[in-house]
Amino acid sequence: MGTIRIGGLIVAAVTAALGCVMTPPKHAVDYARSPTLPTAPPDPADNPTTSEKAALGKQLFFDRRLSGDGSMACQGCHYRHLGWTDGLPLSRKVGGGMNTRHTPSVYNTGYYTAWYWDGRAKTLEGQITAAWKAQIGADPAKAAATLAEVPGYRAEFEKVFGVPPNADNVAKALAAFLRTLNSGESPWDRYIAGDRTAVSAEAIAGGELFSGKAGCAACHTPPLYSDSTFHNIGLEAGKPSPDPGRYAVTKDPKDMSAFKTPSLRSVGISAPYFHDGSVDSLEAAVRYMASGGKPGTARSELLVDRRLSDREVAQLVAFLNALTSDERFVAPALP
């Protein structure tokens, strides 16, 4: 994996790992993606992204008629001003049940190869269908039939897919939209592109710490600021019923209580933090990670006490806040 150094920060060229090259986006939704991101996320052979399909998926993402009782849209757990999260430690499902894990951001979700905190979903379309059923309480076939009764939707589905709405093509349209939902340009992106006025001196120092002494970049690899793999950071240690995390999928003991590394793009606006939503502030999250976390079985060897000063913690927080993008996003009109 190649790297380049800008201002002393290692900017990993993960495009080779993703099978991509740096090119403009194919199907941007309302705004231009960060120029540091790889080319548009890869499409599955049976669901190529088109602008029309993504626009249809955008409408569906905001439409409560997809849910079992008409009370919640997909967007009900993912708000742009909260970094496409919901601002809650744990969110409530349609029907009154509670999630056991924090709502993850859907920024740049099309780049990944496994979904959910434990990676149990192997395709984005599969993850969408699972959440459609479990989170918003729908029978996909019945929800699709409801959409088919809306003339505007029926016409759009006929145009995009050649058939009326069904459980399969609704999920495909939503996936197409999410593959366009990429981070816009952040102040840090502008800084590494050469604008030395884009961020503060504290943020620049924090960037040096991020790739150096603090060791953050070992897992939060630019430009996605995630390595797309799974680590135990000790949060489940001491809980009466520890969440098995990735172990529930692989049954490999080394995966006990390991969770997918979250992206840090727009992390400054997406509190609370971690898979259990247990930490309220970005500063507290940085302190937890920099201290080596709680000891526990199979905790990652990468998690050690970095012995950071209060000022260094503040510098890391300044850097992380500089990863927040402020893209223009307009909610769709629904048919």
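In short, a report on the structure. (Residues numbered from 1 in each chain as written. Predicted model: local features only at pLDDT ≥ 70, side-chain atom pairs only at ≥ 80, totals over all residues. Heavy atoms only, no water.)

**Focus: the overall build of the protein**
Right, on to step 1. Helices and strands together make up the secondary structure of the protein, namely 11 helices and 4 strands.
Right, on to step 2. Here the protein has a C-alpha radius of gyration of 20 Å; the compact-globule value for 335 residues is 20 Å, and the two agree.
Right, on to step 3. Dimensions of the protein, computed from the C-alpha atoms along their principal axes, are close to 60 × 50 × 30 Å.
Right, on to step 4. As presented, the protein carries roughly 14500 Å² of accessible surface, and 56% of it is formed by carbon and sulfur atoms.
Right, on to step 5. Of the side-chain charges in the protein, 35 are positive and 33 negative, and the distance between the mean point of each set is 2 Å. (Helix = DSSP H or I, 4+ residues; strand = E, 2+ residues; numbered from the N terminus. Rg over C-alpha atoms; globule rule 2.2 N^0.38 Å. Areas by Shrake-Rupley, 256 points an atom, 1.4 Å probe, with all protein chains shown as cover. Lys, Arg positive; Asp, Glu negative; His and termini not counted. Charge placed at Lys NZ, Arg CZ, Asp CG, Glu CD.)

**Observations regarding the nonpolar core**
One broad rule of soluble globular proteins: the nonpolar side chains tend to lie buried together.
Right, on to step 1. By size, the foremost hydrophobic cluster in this structure holds 38 residues, and its most contacted members are Leu60, Leu66 and Val170.
Right, on to step 2. Elements supplying a minimum of two residues to this core: α2 (51-61), α3 (124-134), α4 (140-148), α5 (151-161) and α6 (167-179).
Right, on to step 3. In terms of residues, this core owes the most to one element, α6, which gives 7 residues.
Right, on to step 4. Excluding its chain neighbours within four sequence positions, the residues that come into contact with leucine 66 are Leu60, Cys74, Trp132, Ile136, Ala138, Ala143, Leu147, Val170 and Leu174.
Right, on to step 5. Counting 31 residues, the second-largest nonpolar core is a separate cluster that includes Val199, Tyr273, Tyr288 and Leu320. (Core = buried A, V, L, I, M, F, W, Y, C linked by side-chain atoms within 4.5 Å. Buried < 20%, exposed > 50% of the residue type's maximum accessible area, 1.4 Å probe, protein only. Contact = heavy atoms within 4.5 Å.)

**Points about the side chain of aspartate 243**
Right, on to step 1. Mapped onto the secondary structure, aspartate 243 falls in the loop between β3 (230-231) and α9 (247-250).
Right, on to step 2. Residue classification places aspartate 243 among the buried positions, given a relative accessible area of 12%.
Right, on to step 3. Side-chain polar atoms of aspartate 243 contact the backbone nitrogen of glycine 245, separated by 2.8 Å.
Right, on to step 4. Other than its neighbours up to four places away in sequence, aspartate 243 contacts Arg101, Glu236, Ser257 and Phe259. (Polar contact = N/O pair within 3.5 Å; in protein donor to acceptor, adjacent residues only side chain to side chain.)

**Some points on the packing of aromatic side chains**
Right, on to step 1. Tallied over the full model, the rule gives 14 aromatic pairs.
Right, on to step 2. Every member of this aromatic cluster is reached through a ring pair, and the members are Phe61, Phe62, Trp84, Phe177 and Phe329.
Right, on to step 3. The ring of tyrosine 116 carries arginine 120 above its face, with NZ or CZ at 3.7 Å from the centroid.
Right, on to step 4. For lysine 260, the ring lying beneath its charged end belongs to tyrosine 112, and the centroid distance is 4.8 Å. (Phe/Tyr/Trp six-rings, centres within 6.5 Å; stacked < 30°, edge-to-face > 60°. Lys NZ or Arg CZ within 6 Å of the ring centre and 35° of its normal.)

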